[in-house]
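# Structure at a glance
Listed here are the chains, written in short residue letters.
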Amino acid sequence: MILKMTRYAFLFWLLVYLEKALHYDVSDAGYMSSVYELIGFFGVILAGYSSDKIFKSNRFSTVAVMMIGLGLACLAHPYMVPYGKIATIISIALIGIATYGPDSLICTAGSMDVGGTKGAAMAAGIINGMGSVGKMFSGFIVVAINEYYGWDNLFYFFVIMSFIGGGLAAIKWHQQSTD
């Protein structure tokens, strides 16, 4: 739920943020916001590689590390923005990588690890159902935090949520794949 909420908040609101808060023109904001998905794709590859090779098929350790990385990237973002477009693009790319990587593991191999051979489909359904709840609330959360506390505090909210998600994944740090 935390990852889907974060993912869809960025997916749907990043363009608005770049245009309204950072005052980029529409075309620059459009190109810059596309970096989130274009470079975020490489997070999927990084997550798969690190899960299989570095963490020996331990998906939860990979998710935990990448969620902490997402929190750190969101924490760094407001401090990188004053350095211009390139720094902002790098920040968006890091957030994309750290969002898409763990999201792909949780929704695919993670559901098989949790559900096993007899419950993988049910686990995937529960995971995606909870993700839909996160997606549904993402718009409300973005608007509420932005209106009352400002855009920078929205990023700090994502820091807290990412650290919570990383901590929850770390609880299962030693759970191995059920190959």
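The following paragraphs examine the structure supplied in this document. Model, not experiment: these values are computed from the prediction.

### Some details on the overall build of the chain
- Scanning the chain from terminus to terminus reveals six helices and zero strands.
- The linear arrangement of helices and strands in the chain, starting from the amino end, is α-α-α-α-α-α.
- Restricting to contacts in the chain with at least 6 residues of sequence separation, those with at least 24 account for 75%.

### Comments concerning unusual backbone geometry
- A positive phi angle, near 65 degrees, is found at His23, a position not held by glycine.
- With respect to the helices and strands, His23 occurs in the loop between α1 (2-21) and α2 (26-54).
- What makes His23 exposed here is its relative accessible area of 65%.

### Description of the nonpolar core
- Counting 37 residues, the largest nonpolar core has Phe10, Leu14, Tyr17, Leu18, Tyr36, Cys74 and Ile95 as the members making the most contacts within it.
- For this core, the secondary-structure elements that each account for two or more residues are α1, α2, α3 (59-80), α4 (85-107), α5 (109-149) and α6 (151-171).
- The element that contributes the greatest number of residues to this core is α1, accounting for eight residues.
- Ignoring anything within four residues of it in the chain, the contact list for Ile95 reads Phe10, Tyr36, Leu70, Ala73, Cys74, His77 and Phe155.

### Comments concerning the pattern of salt bridges
- The full count for this structure, using the stated rule, is four salt bridges.
- We note a salt bridge from Lys4 to Asp103, for which the minimum N-O separation is 3.3 Å. Taken as a pair, Lys4 in helix α1 and Asp103 in helix α4 lie far apart in primary sequence, 99 residues in all. For the pair formed by Lys4 and Asp103, the shared burial category is buried.
- Among the salt bridges present, the one from Arg7 reaches Asp103, with a minimum N-O distance of 2.7 Å. Placement of Arg7 in helix α1 and of Asp103 in helix α4 is noted, with a sequence separation of 96 residues between them. As far as burial versus exposure is concerned, Arg7 and Asp103 are alike and both buried.
- Sharing partners across several salt bridges, the network here consists of Lys4, Arg7 and Asp103.

### Section: α3
- Relative to the 32 Å expected for 22 residues at 1.5 Å per residue, α3 spans 30 Å between its end C-alpha atoms, a close match to the ideal helical length.
- At the N-terminal boundary of α3, the capping side chain belongs to Asn58, with an oxygen 3.3 Å from the backbone nitrogen of Phe60.

### Details of the side chain of Thr88
- Following the sequence through the fold, Thr88 ends up in helix α4.
- Among the polar contacts listed, one links the side chain of Thr88 to the backbone oxygen of Gly84, at a separation of 2.9 Å.
- In this view, Thr88 contacts Leu18, Leu22, Tyr24, Met32, His77 and Val81; residues no more than four positions away in its chain are not counted.

Rules used in this analysis
- Residues numbered from 1 in each chain as written.
- Predicted model: local features only at pLDDT ≥ 70, side-chain atom pairs only at ≥ 80, totals over all residues.
- Heavy atoms only, no water.
- Helix = DSSP H or I, 4+ residues; strand = E, 2+ residues; numbered from the N terminus.
- Contact = heavy atoms within 4.5 Å.
- Buried < 20%, exposed > 50% of the residue type's maximum accessible area, 1.4 Å probe, protein only.
- Core = buried A, V, L, I, M, F, W, Y, C linked by side-chain atoms within 4.5 Å.
- Salt bridge = Lys/Arg side-chain N within 4 Å of Asp/Glu carboxyl O.
- Expected span 1.5 Å × (residues − 1).
- Polar contact = N/O pair within 3.5 Å; in protein donor to acceptor, adjacent residues only side chain to side chain.

These figures come from the coordinates and say nothing about function on their own.
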